[in-house]
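Here is how the chains run, residue by residue.
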Amino acid sequence: MRVVDLTLGTDLAVKVEVAGTFGRRLLGLMGRAALAPGTGLLLTPCSNVHTWFMRFPIDLAYLDAGWHVLHTVEALAPFRLGPWVRGTRHVLELPAHRLRETGTLPGNTLRLAD
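Our subject in this report is the structure included herewith. These numbers were taken from a predicted model, which means no experiment stands behind them.

### Observations regarding the pairing of strand β4 (residues 39–43)
And step 1. Most of β4 sits out of view: five of its five residues are buried.
And step 2. Alternating residues of β4 divide into T39, L41 and L43 and G40 and L42, and every residue in both groups is buried.
And step 3. Where strand β3 (residues 15–19) and β4 come together, five bridges link them in parallel fashion. Across the sheet, the residue bridging to A19 is L43, located in β4.
And step 4. Note on the crossover from β3 through helix α1 (residues 22–27) to β4: the handedness is right-handed.
And step 5. Pairing between β4 and strand β7 (residues 90–95): three bridges, direction antiparallel. Within the sheet, the bridge partner assigned to L42 lies in β7 and is L92.

Dropping the structure here:
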């Protein structure tokens with residue numbers, strides 16, 4: 001699976017894992033040494049995230065039910081709690097600075113594609 005920014009016509013990630021169960025969302029990226037370029041983790045359903053017990057910073061895109069970007073966080077450091085954003089249904093975790101590289105901003109529309 002990949003995530004496309006329809007507003008910009010760019011790929012945010014070309015290899016996205018979907019964490020759609022409680023256990024998979026709870027584990028998230030803990031235990032990994034890094035998040036490789038071009039990859040991401042989609043937490044769904046999800047309204048908030050943390051980086052406890054992680055070893056590296058990540059970018060976050062908070063999405064509503066229609067996959068509109070509500071809020072972004074760049075390079076959230078390990079052992080931090082991400083903000084709570086009203087209306088969030090999914091959170092996309094990406095390598096640090098990927099959102100800046102692609103220009104993805106609140107208001108953009110994303111899609112999950114094969």
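### Examining the pattern of salt bridges
And step 1. Enumeration according to the criterion identifies five salt bridges in this entry.
And step 2. A salt bridge links D11 to R2, with the nearest nitrogen and oxygen atoms 2.4 Å apart.
And step 3. Looking at R2, the relative accessible area reads 29%, which means it is partly exposed.
And step 4. The partner of E74 in a salt bridge is R100, with the nearest N and O atoms 2.4 Å apart. Placement of E74 in strand β6 (residues 69–76) and of R100 in helix α2 (residues 98–102) is noted, with a sequence separation of 26 residues between them.
And step 5. Salt bridges here are not isolated pairs; linked through shared partners, they connect E17, R24 and R32.

### Overview of the sheet that holds β6
And step 1. One open sheet holds the five strands; their spatial order is β3-β4-β7-β5-β6, and the pairing between them is mixed. The open sheet has two edge strands with one neighbour each: β3 and β6. Averaged over neighbouring strand pairs, the angle between their axes works out to 20° when direction is ignored.

How each quantity is defined
Residues numbered from 1 in each chain as written. Predicted model: local features only at pLDDT ≥ 70, side-chain atom pairs only at ≥ 80, totals over all residues. Heavy atoms only, no water. Buried < 20%, exposed > 50% of the residue type's maximum accessible area, 1.4 Å probe, protein only. Helix = DSSP H or I, 4+ residues; strand = E, 2+ residues; numbered from the N terminus. Pairing = 2+ DSSP bridges. Right-handed = clockwise from strand over helix to strand, strands pointing away. Salt bridge = Lys/Arg side-chain N within 4 Å of Asp/Glu carboxyl O. Axes fitted to C-alpha atoms, helices over the stretch in contact; angles between N-to-C directions.

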